[in-house]
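# A look at the structure
In case you want the letters, here they are:
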Amino acid sequence: LNYESAKIAKEVSQEYLEKTPDQARYVAGSIGPTNKTASMSPDVNDPGYRAITFDELVTAYREQVLGLIDGGSDLLLVETIFDTLNAKAALYAINEVKEERGIDIPIMVSGTITDASGRTLSGQTVEAFRISMSHIPLLSIGFNCALGADQLLPYVKRLANQSDIYVSAHPNAGLPNAFGEYDESPQEMAAQIKEYLDKKLVNIVGGCCGTTPNHIRA
């Protein structure tokens, strides 16, 4: 799936690059957090239990990384990081592949602030998350998902004030309603993103849950 997805994306990016050669286009291979957490127990009655090990995560991430690179990804995006230990497994797998193949593919990382506490699910603050990721050379660091652009703004601001690399943000189209749908229009989201740009907080902008091509265009 990773290989075929990256291959299709690369073919399309090349097609558009030929139409507009003055506008560079890149394929980012997106690597999600999996449905497991290496830091926390899924069993409230057994706090020491873990549903997965670090080595098992590395194996799973390695398979994804190989597929994305072989499919033609220009860079890798480790995203929606709710557990930094999971992300470290992904970065470990990426480094393994880079060393084996003698390549230096750029890496982006993007965490997720889960609620108004301003922390990741595994309990890290913005500042702790940034420091946890600072052991590896990165193209960018940022936040995505969970919150809309308006609610995400203060955390992106804190990250931008601390970071000496590029900063990214791809928020949701607001918060989901009672039916799990997203009501924020492209125009509403664009107005909020404009504040990010006016304050010079981000270098890379995108959209996560609930966003459409129209949101991205706006």
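Rules and cut-offs
Residues numbered from 1 in each chain as written. Predicted model: local features only at pLDDT ≥ 70, side-chain atom pairs only at ≥ 80, totals over all residues. Heavy atoms only, no water. Helix = DSSP H or I, 4+ residues; strand = E, 2+ residues; numbered from the N terminus. Buried < 20%, exposed > 50% of the residue type's maximum accessible area, 1.4 Å probe, protein only. Contact = heavy atoms within 4.5 Å. Pairing = 2+ DSSP bridges. Right-handed = clockwise from strand over helix to strand, strands pointing away. Expected span 1.5 Å × (residues − 1). Polar contact = N/O pair within 3.5 Å; in protein donor to acceptor, adjacent residues only side chain to side chain. Axes fitted to C-alpha atoms, helices over the stretch in contact; angles between N-to-C directions. Disulfide = S-S within 2.5 Å.

### Examining the environment of S122
On the secondary structure map, S122 appears in the loop between strand 3 (107-111) and helix 4 (126-132). For S122, a relative accessible area of 26% puts it in the partly exposed group. Placed 54 residues apart in sequence, S122 and P176 show a C-alpha to C-alpha distance of 22 Å. With residues up to four places along the chain from it excluded, the contact list for S122 reads S39, M40, F82, D83 and T84.

### Structural notes on the pairing of strand 4 (residues 140-148)
Among the nine residues in strand 4, eight count as buried, and that is most of the element. Alignment of strand 3 against strand 4, held across four bridges, turns out to be parallel. Paired with M108 across the strands is S140, a residue of strand 4. Between the parallel elements strand 3 and strand 4, the chain passes through helix 4 in a crossover that is right-handed. For strand 4 and strand 5 (residues 166-172), the ladder comprises six bridges, and the chain directions are parallel. If you follow I141 over to strand 5, its bridge partner there is V167.

### Things to note about helix 3 (residues 84-101)
With 18 residues, helix 3 ought to run about 26 Å at 1.5 Å a step, and its terminal C-alpha atoms sit 26 Å apart, in line with that. Elements in contact with the buried residues of helix 3: strand 1 (28-31), helix 2 (54-70), strand 2 (75-81), strand 3 and helix 4. A distance of 2.9 Å separates the backbone nitrogen of L85 from a side-chain oxygen at the start of helix 3, and that oxygen is part of D83. Positive phi appears at G102, one or two residues downstream of helix 3, with a value of about 65°.

### Looking at the sheet that holds strand 5
Judged by pairing direction, the sheet is parallel, and its six strands sit side by side in the order 1-2-3-4-5-6 without closing on themselves. This sheet does not close on itself; its edge strands, each paired only once, are strand 1 and strand 6 (204-205). Here four bridges tie strand 2 to strand 3, and the two strands are oriented parallel to one another. Paired with I81 across the bridge in strand 3 is G111. Along the sheet face, helix 2 touches strand 1 and strand 2 and points at about 165° away from the line of strand 1. Packing of helix 6 (residues 186-198) onto the sheet brings it into contact with strand 5 and strand 6, and relative to strand 5 it is tilted by some 160°.

### Remarks on the pairing of strand 3
In terms of burial, strand 3 is largely enclosed, as five of its five residues are buried. Burial along strand 3 is two-sided: I107, V109 and G111 and M108 and S110, pointing in opposite directions, are all buried.

### Describing the state of the cysteines
Under the criterion given, the structure shown has zero disulfides. Here C208 stays free of any disulfide, with the sulfur of C145 as its closest cysteine sulfur at 4.1 Å. Left unpaired, C209 is separated from the closest cysteine sulfur, that of C145, by 3.8 Å. Since its relative accessible area comes to 28%, C209 is described here as partly exposed.

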